[in-house]
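Observations on the model geometry
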Amino acid sequence: MSGLPGRPGREEDYERAGLGGRLAPGSSPALLLVDPARAYVDPDCPLYAGVEPAVDAMKVLLAGARRARIPVVVTRVRFRPDGRDGGVFFRKVPTLRVFAEGSAYGDFIEGLAPAADELTVTKQYPSAFFGTSLAAYLTADGIDTVLIGGLSTSGCVRATALDAMQHGFVPVVVEEAVGDRDPDVHAANLFDIRHKIGEVWPMERVMGYLAGAEERL
């Protein structure tokens with residue numbers, strides 16, 4: 001695909017503009033799974049997104065993180081029944097009512113619930129960092145790198161990756177382990193994350209990185 005008129009292709013254009021920096025992950029990673037909620041995989045829910053392949057990849061990623069014994073954080077969205085704790089976001093996206101207290105759509109997808117010794121972060125806004133203690137938790141635990149999987153790429157994953165970077169953590173979005181309802185939107189957001197926010201790595205590379213963490217145990 002071409003870039004702006006008279007310019008080279010998109011990738012080359014971004015590289016020439018200096019939007020091709022690389023971040024090196026550190027030696028103290030954590031896994032952050034963003035909103036693995038039933039809403040996205042239940043065809044009866046208005047938020048169903050057809051992201052089953054990403055969910056399968058998230059399970060592989062979670063298993064790898066547990067083998068490496070790195071910290072695991074899983075987020076969920078929960079609102080009061082009237083949605084007032086969601087503020088403008090809830091008013092902008094009324095279908096967020098599926099995450100109101102008591103709705104099964106907000107439950108974790110089977111196989112992606114946090115274990116008893118893993119952290120659950122409850123949020124009302126896209127970023128896992130906004131209005132939560134996540135940054136303090138990661139900092140206190142000496143974390144320098146956040147591996148990110150979850151749903152959806154253009155919404156809560158992107159917002160979380162951006163805030164991870166802004167809090168000083170190296171964000172690594174795991175390509176196969178994130179998904180969105182529209183493949184073009186998904187691809188565009190991964191492109192933008194890779195050039196402006198953090199790293200986007202394929203699962204194979206992430207597993208190699210986790211194997212290194214496992215060897216350091």
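So, how was this worked out
Residues numbered from 1 in each chain as written. Predicted model: local features only at pLDDT ≥ 70, side-chain atom pairs only at ≥ 80, totals over all residues. Heavy atoms only, no water. Axes fitted to C-alpha atoms, helices over the stretch in contact; angles between N-to-C directions. Helix = DSSP H or I, 4+ residues; strand = E, 2+ residues; numbered from the N terminus. Parallel < 35°, antiparallel > 145°, perpendicular 65-115°, else oblique. Contact = heavy atoms within 4.5 Å. Nonpolar A, V, L, I, M, F, W, Y, C, P; charged D, E, K, R; others polar.

**Describing the packing of helix 5 (residues 153-166) against helix 6 (residues 183-196)**
Packing of helix 5 against helix 6 brings their axes to within 10 Å, and their N-to-C directions diverge by 5°. Considered as vectors, helix 5 and helix 6 are oriented roughly parallel to each other. Seen from helix 5, the contacting residues are Thr153, Ser154, Arg158 and Met165; seen from helix 6, they are Val185, His186, Asn189, Leu190, Asp192, Ile193 and Lys196. Residue composition of the contact of helix 5 with helix 6, grouped by class: four nonpolar, four polar and three charged.

**Some thoughts on unusual backbone geometry**
Glycine aside, negative phi is the norm for most residues, and most peptide bonds take the trans geometry. Each neighbour pair has its own omega, and for Leu151 with Ser152 the value is -10°, a cis peptide bond. Structurally, Ser152 can be placed in the loop between strand 4 (145-151) and helix 5. A positive phi angle is found at Asp35, which is not glycine, with a value near 50°. Following the sequence through the fold, Asp35 ends up in the loop between strand 1 (29-34) and helix 2 (52-68).

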